[in-house]
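Fold and geometry: a report
Here is how the chains run, residue by residue.
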Amino acid sequence: MTKRLFLEESYLAEADGIITSVGEFEGRPYIKLNQTLFYPQGGGQPGDTGWIESPVGEFRVIDTQKSEANQILLFLEANHPLPNVGDAIHQKLDWERRYSLMRMHTCLHLLCSLVPKGVTGGSVGVEKSRLDFDLGDSKLDKEVLTQQINQLICTGSEVMSLNISEAELDQQPDLVRTLSVQPPRGSGTVRLIKVEGIDLQPCGGTHVKNTREIGPVRISKIENKGKRNRRIHLVFDNTDV
Ligand SMILES: [Zn+2]
């Protein structure tokens, strides 16, 4: 099983590794590594991109996905022969993209804390993100929400991860905010993300260490998606910078 370096240290942009498998899925070549920085698409966050330096040349990693067996597949843009199993490689993230995703993802935790309703879906993007809430009859105001979320960002609150047992999670079902995705089970522990004094919920994504790193954001749109569902769109607000 690949060691998931991104879970322990989300700021690591480069690392070494060994290729443990080379294969093809739907005509696209991939490799597996003994340890990786590349976050596989999941929980609304897209898979990482970057580069692999191998003995046979440099490869662009165009996507990272989880296999059905929960293995991490790094998809390569291959225009020359693939590297081999056992090769020592150096992996580099497209850090600018990943850091934007970390800022956005952390910001969605803040949004969750401001809208105490069930989350029915969501997507993290480099420039814009969205979360869907089962809002019922509650009303939301775009301008008010924008002001509130920027206030939370400015608190400079610390973001940290902690692990609890699945049994402990079962005793606190309120922790699970996402209706559509239950946290991954089976390992005995569940990873929680805590935004000090603001939010606590199970999450396997990558986050910044302090809310201030998110920078100014704006709620760009609140859309009706059915009778009870509202889609909240969020963008980085570069107008003040
Ligand atoms: Zn998260």
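Residues numbered from 1 in each chain as written. Predicted model: local features only at pLDDT ≥ 70, side-chain atom pairs only at ≥ 80, totals over all residues. Heavy atoms only, no water.

Some remarks on the coordination of the zinc ion
Heads up, the condition is: The donor definition counts N, O and S atoms within 2.8 Å of each metal and applies 3.2 Å to Na, K and Ca; water is not among these atoms, so some sites may look incomplete. Angular criteria define each label, namely tetrahedral for four donors with all angles between 85 and 135 degrees, square planar for four and octahedral for six donors with opposite donors over 155 degrees apart and remaining angles between 65 and 115, and irregular for whatever fails these tests. Put simply, DSSP H or I for four residues or longer makes a helix, DSSP E for two residues or longer makes a strand, and each gets a number counted from the N terminus. Between buried and exposed lies partly exposed: a residue is buried under 20% and exposed over 50% of the maximum accessible area for its type, with that area taken using a 1.4 Å probe on protein chains only.
The coordination sphere of the zinc ion contains the protein donors H105 (NE2), H109 (NE2), C203 (SG) and H207 (NE2), at a distance range of 2.0 to 2.2 Å. The coordination sphere of the zinc ion comprises four donor atoms, whose angles at the metal cover 99 to 125°; the geometry is tetrahedral. We note that the donor set of the zinc ion lies within a single chain, spaced as H-x3-H-x93-C-x3-H. Remark: H109 and H105 occur in helix α2 (residues 95-114); sequence separation between them is four residues, near one turn of the helix. In terms of burial, H105 and H109 fall into one category: buried.

Some remarks on the state of the cysteines
Worth spelling out the cut-off: Throughout, a disulfide means two cysteine sulfur atoms within 2.5 Å of one another.
Counted under the stated rule, the structure contains zero disulfides. Just so you know, C154 is unpaired, no disulfide at all, and the nearest cysteine sulfur is the one on C107, 11 Å from it. Judged by relative accessible area, which is 57%, C154 ranks as exposed.

Re the packing of aromatic side chains
Quick reminder of the rule: When the centres of two rings from Phe, Tyr and Trp lie within 6.5 Å, Trp using its six-membered ring, the rings pair. Their planes under 30 degrees apart give stacked, over 60 give edge-to-face, and anything left gives tilted. Only Lys NZ and Arg CZ are tested; either one counts as a charge over a ring when it is within 6 Å of the ring centre and within 35 degrees of the ring normal.
According to the stated counting rule, one finds five aromatic pairs in the structure shown. For the pair Y11 and W95, a centre-to-centre distance of 6.1 Å together with 45° between the ring planes defines the contact as tilted. Taken together, the positions of Y11 in the loop between α1 (5-8) and β2 (14-25) and W95 in helix α2 put the pair 84 residues apart, joining distant regions of the chain. Between the aromatic rings of W95 and Y99, the centroid separation amounts to 5.6 Å while the plane-to-plane angle is 25°, which identifies the pairing as stacked. In this pair, W95 and Y99 are both assigned in helix α2, four residues apart and thus about one turn of the helix distant. By relative accessible area, which is 26% here, W95 ends up partly exposed. Every member of this aromatic cluster is reached through a ring pair, and the members are Y11, W95 and Y99. Across the ring face of F236, the terminal group of R103 is positioned such that the distance to the ring centre comes to 4.1 Å.

Structural notes on the nonpolar core
Generally speaking, a soluble globular protein has its nonpolar side chains buried in company with each other. Heads up, the rule is: Only buried Ala, Val, Leu, Ile, Met, Phe, Trp, Tyr and Cys residues count toward a nonpolar core, and they belong to the same one when joined by side-chain atoms within 4.5 Å. Contact definition: two residues touch when any of their heavy atoms are within 4.5 Å.
Counting 29 residues, the largest nonpolar core has L111, F133, I214, V217 and L234 as its most contacted members. Elements supplying a minimum of two residues to this core: α2, β10 (128-134), α3 (142-154), β12 (189-195), β14 (217-225) and β15 (229-236). The biggest single contributor to this core is α2, with eight residues. Not counting the four nearest positions on each side in its chain, L111 is found in contact with L131, F133, L145, I149, I219, I232 and L234. Of all hydrophobic cores here, the second largest spans 17 residues; its members include F6, L33, I72 and L76.

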